[in-house]
Amino acid sequence: VIGGSSQPPAAGDPRPIGVFDSGVGGLTVLRAIHERLPHERLVYLGDTARLPYGTKSPETVARYARQAAAVLVDRGVKLLVIACNTASAVALEDLQRHFAPLPVVGVVQPGAAAACAASRERAVAVIGTDSTIAGGAYTRAIARIDPEVRVQGLACPVFVALAEEGWTDGPVADAAVARYLRELIGAGPAAFDTLVLGCTHFPVLRAPLARALGPGVTLVDSAEPTAAEVEAVLAAAGRLARAVDPRVDAAAGEGLQFLATDGPRRFARVGAVFLARPIDPQSVELVDL
Ligand code: DGL
């Protein structure tokens, strides 16, 4: 219409979504949210100074998770994502209570639901950090969804180091995968048809895991189901961002903000592998918790 009676599109809720992890692994979740909801602004905190969480006590992880969440809440986020299996397993309820009415989404429940949906034989294996496996969070989450599903778990802490180092494919990754799978399945065929990558670092090891397990085992990770959960929660609350700022090119990764508690250069270098796009080290803000 000449004269410009067109209204600007309704903005929805333009506040950012906060996402945190112990390090760069949660960028796999950030990426899935960004791909699913490209209009949303996302602020990501990697607690790189205190990684790993997976070998620490539940009390310490819960304290760290609260501090990381508080930084994002101070930045005015409209929803918080715990993009770390270890922290989701021990701190989800605490953060939901502490920051209510802010919605808080963890990665364990969406991953458990995806595993139940994928398993035809109702036999699932879960790999994760020491803390996630010892605490049994996936076993409980899967039992709540379908008590008939058999679950076995194995801690694979070396995978975190491999992923952090970027050694995600090649002989060292293959040897670590073979070693852990021997523990999980012995010499015979796998007694499960679905493997949950119950640690945000593990999706980058998908290729060697898939090669070793063969086509009979489906690999499931929490990134996409968590992004779907984020969308559902925001949509139900009427809080999705609707307006697309024409100056923001989501395809170029704009709308993403990065915070780290240590080593912005390393965060940018290693994080790029998880995010599958370059990160400018200058854009990573150093924060203290
Ligand atoms: N982000 C953690 C998880 O998903 C893995 C790394 C760590 O141990 O801190 O469990």
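Residues numbered from 1 in each chain as written. Predicted model: local features only at pLDDT ≥ 70, side-chain atom pairs only at ≥ 80, totals over all residues. Heavy atoms only, no water.

Chemist: Any chance you could break down the site of the ligand for me, citing the residues and the numbers?
Modeler: Looking at the ligand, there are 14 residues lining it, with Asp21, Ser22, Tyr53, Gly54 and Thr86 nearest. A distance of 2.8 Å separates an oxygen atom of the ligand from a polar atom in the backbone of Gly54. Between the ligand and Asn85, the relevant distance is 2.9 Å, taken from an oxygen atom to a main-chain nitrogen or oxygen of the residue. For the ligand, whose free accessible area comes to 300 Å², the fraction covered by protein is 99%. In terms of residue class, the shell around the ligand is made up of six nonpolar, seven polar and one charged. (Near = heavy atom within 4 Å. Polar contact = N/O pair within 3.5 Å; in protein donor to acceptor, adjacent residues only side chain to side chain. Areas by Shrake-Rupley, 256 points an atom, 1.4 Å probe, with all protein chains shown as cover. Nonpolar A, V, L, I, M, F, W, Y, C, P; charged D, E, K, R; others polar.)

Chemist: How would you sum up the pattern of salt bridges? Please name residues and give values.
Modeler: For the structure on display, the rule yields 13 salt bridges. Of the charged contacts in the structure, one is a salt bridge between Glu231 and Arg36, with a shortest N-O distance of 2.7 Å. Here Glu231 is found in helix α10 (residues 223–236), whereas its partner Arg36 is found in helix α1 (residues 27–36), with 195 residues between them in sequence. Glu231 sits in the partly exposed class, given a relative accessible area of 26%. Two residues, Glu164 and Arg266, come together in a salt bridge whose shortest N-O distance is 3.6 Å. Placement of the pair is Glu164 in helix α7 (residues 157–165) and Arg266 in helix α11 (residues 264–275), with a sequence separation of 102 residues. Of the residues examined, Glu164 reaches a relative accessible area of 12% and is grouped as buried. Salt bridges sharing partners connect three or more residues here, namely Asp169, Asp174 and Arg211. (Salt bridge = Lys/Arg side-chain N within 4 Å of Asp/Glu carboxyl O. Helix = DSSP H or I, 4+ residues; strand = E, 2+ residues; numbered from the N terminus. Buried < 20%, exposed > 50% of the residue type's maximum accessible area, 1.4 Å probe, protein only.)

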